[in-house]
Amino acid sequence: MDTTTLAGARMLRFLEQEPVVWLSTVRPNGAPHILPIWFWWDGQAILVFSKPEAQKVRNLRDRSSVMLALGDAEDDFDVGLIEGHAELLDRPTQDVLPPAHLAKYARQLEAIGLSTAEYAATYSQVIRISPDRPLGWHGRRAPRSARLAGAPSRSIDESARERPSLRDWLGEPLARGIRAVSAGVRGPVASPAAL
């Protein structure tokens, strides 16, 4: 993941600071499956510790493609999306579990009364997710994560002369999507009966 782009820098900040990632996988019948999970970012990949027969694990046995979402939707949709691919490791959690992951969730583990050994035994399937492409996402204002990553604090509504291009600011995939949506908004509107 190229962290020199604004989208990559935003995703890196999310991966280093967010407590939960939303993981989306695809069921064998093609239906989506999404859930919030604890995770650990090791600087190159995202580690997830799962029950071996969880739905997400069954899905990943069939298809390794994943989509992740991180961030704060209540802060004008300051959210990052990451396309990636997952690998089910043969090594058990107890051999891979970083002490920093346990420290990150120490309060939650204590609240549910789960020891380190019980956690490693229960969530024994390690999922390693390699990010392929970051996709920035946000509402009308420059989100906090983008400002922290160096984006101007102006609103998207301000004149084009005063702000960088959408491609420079958001990264090409998101900019292309916003341009497509904007073009559709300016196009003909269907009548309620047609909907």
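Just so we're clear, the structure is a prediction, and the values are computed from it rather than from any experiment.

> Whenever I open this one, the pattern of salt bridges confuses me. Can you help?
Pairs can form between side chains of opposite charge once their charged atoms are near each other. One pass over the full model with this rule turns up three salt bridges. A salt bridge links Glu-53 to Arg-61; the shortest N-O distance between them is 3.4 Å. What makes Glu-53 exposed here is its relative accessible area of 52%. Among the salt bridges present, the one from Arg-133 reaches Glu-83, with a minimum N-O distance of 3.0 Å. Within this pair, whereas Arg-133 is found in strand β7 (residues 125-137), its partner Glu-83 is found in strand β6 (residues 78-88), the two being separated by 50 residues in sequence. Judged by its relative accessible area of 30%, Arg-133 falls in the partly exposed class.

> I tried to follow the side chain of Asn-59 on my own but got confused; where do I start?
Take Asn-59: it is sitting in helix α2 (residues 55-62). A residue is classified by how much of its surface remains accessible, and Asn-59, at 0% relative accessible area, is buried. Among the polar contacts listed, one links the side chain of Asn-59 to the side chain of Thr-25, at a separation of 2.8 Å. Residues within four places of Asn-59 in sequence aside, it is in contact with Thr-25, Val-26, Arg-27, Pro-28 and His-33.

Procedures and definitions
- Residues numbered from 1 in each chain as written.
- Predicted model: local features only at pLDDT ≥ 70, side-chain atom pairs only at ≥ 80, totals over all residues.
- Heavy atoms only, no water.
- Salt bridge = Lys/Arg side-chain N within 4 Å of Asp/Glu carboxyl O.
- Buried < 20%, exposed > 50% of the residue type's maximum accessible area, 1.4 Å probe, protein only.
- Helix = DSSP H or I, 4+ residues; strand = E, 2+ residues; numbered from the N terminus.
- Polar contact = N/O pair within 3.5 Å; in protein donor to acceptor, adjacent residues only side chain to side chain.
- Contact = heavy atoms within 4.5 Å.

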